[in-house]
There are 2 protein chains.
Amino acid sequence: LEAFDGVRVRSGALEAFAAALLRDAGASETGAAGTARALVDASSRGFDTHGIRLVPFYRDQLIGGRIDGKASPTVTRPMPAVAIVDAHDGLGHPASYRAIEEGIAIADTVGIAAVAVTRSSHHGATGCYTIAAARAGYAALGCTNADPAVAPHGGIKAFFGTNPISFAAPLPGEAPLVLDMATSSIPMNRVLLRRDTGTKLPPDVAVDAAGEPTIDPHAATTLVPLGGAAWGYKGAGLSVMVELLCGPMTGMVHGFRRKSLGGPDFTTPVPIGHFFLVLKPGAFRSREAWLAMAGDLVADLRAQPARHGEAGPQAPSDPEKREAADRAVRGVPVDRATWGRLVASAEAGGIALPPVEAAG
Amino acid sequence: LEAFDGVRVRSGALEAFAAALLRDAGASETGAAGTARALVDASSRGFDTHGIRLVPFYRDQLIGGRIDGKASPTVTRPMPAVAIVDAHDGLGHPASYRAIEEGIAIADTVGIAAVAVTRSSHHGATGCYTIAAARAGYAALGCTNADPAVAPHGGIKAFFGTNPISFAAPLPGEAPLVLDMATSSIPMNRVLLRRDTGTKLPPDVAVDAAGEPTIDPHAATTLVPLGGAAWGYKGAGLSVMVELLCGPMTGMVHGFRRKSLGGPDFTTPVPIGHFFLVLKPGAFRSREAWLAMAGDLVADLRAQPARHGEAGPQAPSDPEKREAADRAVRGVPVDRATWGRLVASAEAGGIALPPVEAAG
């Protein structure tokens, strides 16, 4: 974690504030609500990279016209267990929540659903949608394609997006388990941040222009897949799986063939595909039996012996659960640079600022 | 690749030989055929660790009574898109092929299928089943749980199996793309082999009894998840996903709670769960459009610039495709130790040996 300097805002107030800023940029009531929900959900669970700090990024795209803030996702069911959500070049977040809703409705009927989201846009953290399914009692797998930032294994040039895979499932008596991982070791943002701070990169996560591994953030041009120089074919393989689920299933070209999400042009749609699976645990065994076994697995995992001096094994999302509990009490942190941008937009649009909890 | 010393046998002859050896150990005609098909498919594609060399392992379990060679898998469909294949403590390979068949039938009707395999046994390489679906024109995801061999991230003691994930999909005009990867960097067999050969391990793939990373194969007691000391929580997260799909969905306890597959007791069933998804590409877009996009992705990937002096980026399973082409011409290699075991069993059972192609 990088050192924090900023303000803290209660999640409810932050969500309303984010929604107002998105409406101000042209989003519909429901589009703004769905996007604010996802961003504050991510921030509430500690995913600051994919949380409230992205509001200006979506505002730029809404104001520029790349994203149609008034678009409303439509759904078709080409086969009984399959849905296609067409986001119509609108916000990716409400389209992804819509995909989960539809997936749940289908899974209730037939046991599992596959939902492809087409003509979408950047949807923040994929885990926001799989966790929504898990909170409702379903297991879910989700992935999205993204801008090229990761070289193929043995390559030198960005080809894959960080192509995240997220899996979430309900647990008995506690918040769902959520895995939400890039198929690279680190995101490109980390490289940019380390350039600013002058700190070295960890070994074996990035290469220079010649494809040689480097820990110099200024020399690093491209990430490498999870697994690094020796085992990166595994991370790359997962990335190919994500591309095949998010591209051919949705009709959206893979990241390498389409325009970048970065500016300065924010006028033309840059369509993205997402892919979700929703499974009904009760379709396989009784819901209670399913939950009991999932609980046993996680309990056994948490009880494993730890390396000397370390905290010990955890289940995926255990650290985020602690962070979420802390943020529920102290408010969601908003870093100073993001807060400054949000305040400037709010003042320009005549939007009231949310109450600030504390400055630390 | 380790140096090869052994014989080569044509795949068809090898499959018939393996089936005869399995029948001799008590497998039914169809059980032996399904198992031999999977083992020789794996060997034909270069997966020697999960190929013909496992025949004695399955014979031990059949003869000991752990695996009921006469069991025939039965199928139920609790919901229209979900099937449960009960292997009845029989061979895992025919049960897994049965799961794919059922998955295809379901996917043809509703677009996607989830198939849980319960009361199964070790099924060899999971990719044998996903590739079977892909050869028939479907995309498939498969996973299986396995004996504990991998410490949790930050742990010191084996908890997870190598818990493989396999994904396969059809490609236009060539064999399917197949990813078939353990969620650890290497298998435990590699450690055992390096103990025999006195060779160091690669860095960051195993730990000693105190949980410290080691490259000494004799000190190494446990593998670590893909990602190693820094990013192993990702490999561990994927492993948890595999456990949740193969355990609670099938009713089979996770590896940490059940008996090991190793001997010497081969009398009692050690039930294992597998989990498969089968997707019909034509359910999302036209089959032709789907294949064209998948082909574009793979073509773009193969065309990526290579690091100086290296062969350059490949698609998953490209190396196996080259190996398969070579083995189709020269025969499937069987290492000398395995061949000796197979010959001894064949002579004891009065089974004719297959013609041997060449001794190199």
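Residues numbered from 1 in each chain as written. Chains lettered and ligands numbered in written order. Predicted model: local features only at pLDDT ≥ 70, side-chain atom pairs only at ≥ 80, totals over all residues. Heavy atoms only, no water.

Trainee: Teacher, can you tell me more about the packing of aromatic side chains here?
Mentor: Counted by the stated rule, this structure contains 14 aromatic pairs over all chains. Taken together, a centroid distance of 5.3 Å and an interplanar angle of 50° make the contact between Phe57 of chain A and Tyr58 of chain A tilted. The class for Tyr58 of chain A is buried, based on a relative accessible area of 0%. For the ring pair Phe159 of chain B and Phe256 of chain B, a centre distance of 4.8 Å and an interplane angle of 40° mean the geometry is tilted. Separated by 97 residues along the polypeptide, Phe159 of chain B in the loop between β5 (139-144) and β6 (165-171) and Phe256 of chain B in the loop between α7 (228-246) and β10 (272-279) bring together distant segments of the chain. A relative accessible area of 29% places Phe256 of chain B in the partly exposed class. Put simply, the rings of Tyr97, Tyr129 and Phe276 of chain A touch in pairs and so form one group of aromatic residues. (Phe/Tyr/Trp six-rings, centres within 6.5 Å; stacked < 30°, edge-to-face > 60°. Buried < 20%, exposed > 50% of the residue type's maximum accessible area, 1.4 Å probe, protein only. Helix = DSSP H or I, 4+ residues; strand = E, 2+ residues; numbered from the N terminus.)

Trainee: Looking at this structure, how should I read the interface of chain B and chain A?
Mentor: When the parts come together, some accessible area is lost, and that loss is often what is quoted as the size of the interface. Listed per partner, the contact involves 83 residues of chain B and 83 residues of chain A. In total, chain B and chain A occlude about 6,900 Å² of area from one another, counting both sides; carbon and sulfur atoms represent 75% of this. Put simply, chain B and chain A have four salt bridges between them. Asp300 of chain A is paired through a salt bridge with Arg257 of chain B; the nearest N and O atoms lie 2.6 Å apart. Taken together, the links from chain B to chain A amount to 18 residue pairs in polar contact (both at pLDDT 80 or more). The element that contributes the greatest number of residues to the side of chain B that touches chain A is α7 of chain B, accounting for nine residues. (Contact = heavy atoms within 4.5 Å. Buried area = accessible area lost by both parts, 1.4 Å probe. Salt bridge = Lys/Arg side-chain N within 4 Å of Asp/Glu carboxyl O. Polar contact = N/O pair within 3.5 Å; in protein donor to acceptor, adjacent residues only side chain to side chain.)

Trainee: What exactly am I supposed to notice about the pattern of salt bridges here?
Mentor: When their charged atoms lie close together, side chains carrying opposite charge are able to pair. For the coordinates displayed, the defined rule picks out 40 salt bridges over all chains. Across the pair Lys280 of chain A and Asp108 of chain A runs a salt bridge whose closest N-O atoms are separated by 2.9 Å. Placement of the pair is Lys280 of chain A in the loop between β10 (272-279) and α8 (287-302) and Asp108 of chain A in helix α4 (residues 92-110), with a sequence separation of 172 residues. With its nearest N and O atoms 3.0 Å apart, the salt bridge here joins Asp41 of chain B to Arg135 of chain B.

Trainee: What should I look at first to understand the relation of the copies chain B and chain A in this one?
Mentor: Relating the two copies of this chain is a rotation about some axis coupled with a shift parallel to it. At an RMSD of 0.0 Å, chain B and chain A line up after a rotation of 180° and a shift of 0.0 Å along the axis. With respect to symmetry, the two chain copies, as superposed, fit the operation of a two-fold axis. Identified as the residue of chain B closest to the rotation axis by C-alpha distance is Gly227 of chain B, at 2.6 Å. A high fraction, 100%, of the interface residues of chain B reappear at the interface in chain A, so the copies pair face to face through one surface. (Least-squares fit on C-alpha atoms with pLDDT ≥ 70 in both.)

Trainee: Just checking my understanding: could you explain the environment of Gly235 of chain A for this structure?
Mentor: All names here are of chain A. Mapping Gly235 onto the fold places it in helix α7 (residues 228-246). Sequence-wise, Gly235 and Thr183 are 52 residues apart; in three dimensions their C-alpha atoms are separated by 5.3 Å. Dropping the residues within four chain positions of it, Gly235 is found in contact with Thr183, Pro225 and Leu226.

Trainee: I keep staring at the sheet that holds strand β3 (residues 82-86) of chain A and nothing clicks. Help me out?
Mentor: Paired through backbone hydrogen bonds, the strands of a sheet run either parallel or antiparallel to each other. Residues and elements named next belong to chain A. Sheet architecture is open: seven strands sit in the order β2-β3-β4-β10-β5-β6-β7, paired in mixed fashion. Two strands in the sheet have a free side with no partner beyond their single neighbour: β2 (74-79) and β7 (174-181). On average, each strand axis in the sheet is tilted by 15° relative to the strand beside it, whichever way the strands run. The pairing of strand β6 (residues 165-171) with β7 spans six bridges and is antiparallel. When the sheet's bridge partners are listed, Phe167 is paired in β7 with Leu179. Packed on one face of the sheet, α7 meets β5 (139-144), β6 and β10 and runs near 90° to β5. (Pairing = 2+ DSSP bridges. Axes fitted to C-alpha atoms, helices over the stretch in contact; angles between N-to-C directions.)

Trainee: Please explain the side chain of Lys234 of chain B as it appears in this structure.
Mentor: Residue position: Lys234 of chain B is located in helix α7. Buried and without a salt bridge, Lys234 of chain B has Asp180 of chain A as its closest oppositely charged side chain, separated by 8.9 Å. In terms of polar contacts, Lys234 of chain B uses its side chain to reach the backbone carbonyl oxygen of Ser184 of chain A, at 2.8 Å. If we skip the residues at most four places from it in the chain, Lys234 of chain B touches Met181, Ala182, Ser184, Ser185 and Leu226 of chain A together with Leu226 of chain B. (Lys, Arg positive; Asp, Glu negative; His and termini not counted.)

Trainee: Even after reading the chapter, I still don't get the packing of α4 of chain A against helix α5 (residues 127-135) of chain A, so can you show me in this structure?
Mentor: Helix-helix packing is described using two parameters, namely the angle between the two axes and the distance between the axes. Residue and element names in this part refer to chain A. The interhelical angle for the contact between α4 and α5, taken along N-to-C directions, is 30°, at an axis separation of 9 Å. Taken together, the axes of α4 and α5 lie roughly parallel to each other. In the packing of α4 onto α5, the handedness of the crossing is right-handed. When α4 is examined against α5, the residues His93, Ser96, Tyr97, Ile100 and Ile104 are found in contact with a partner set consisting of Cys128, Tyr129, Ala132 and Ala133. Taken together, the residues of the contact of α4 with α5 sort by class into seven nonpolar, two polar and no charged. (Parallel < 35°, antiparallel > 145°, perpendicular 65-115°, else oblique. Left-handed = near helix turned anticlockwise from the far one by under 90°. Nonpolar A, V, L, I, M, F, W, Y, C, P; charged D, E, K, R; others polar.)

Trainee: Any chance you could explain helix α2 (residues 29-44) of chain B here in plain terms?
Mentor: Given 3.6 residues per turn, any residue in an α-helix points the same way as the ones three and four places further on. Residues and elements named next belong to chain B. Taking 1.5 Å of rise per residue, 16 residues should cover 22 Å, and α2 covers 22 Å from first to last C-alpha, within 8% of that figure. Among the 16 residues of α2, 12 are classified as buried, and the element is accordingly described as predominantly covered. Count one or two residues on from α2 and you reach Gly46, which has phi positive near 100°. (Expected span 1.5 Å × (residues − 1).)

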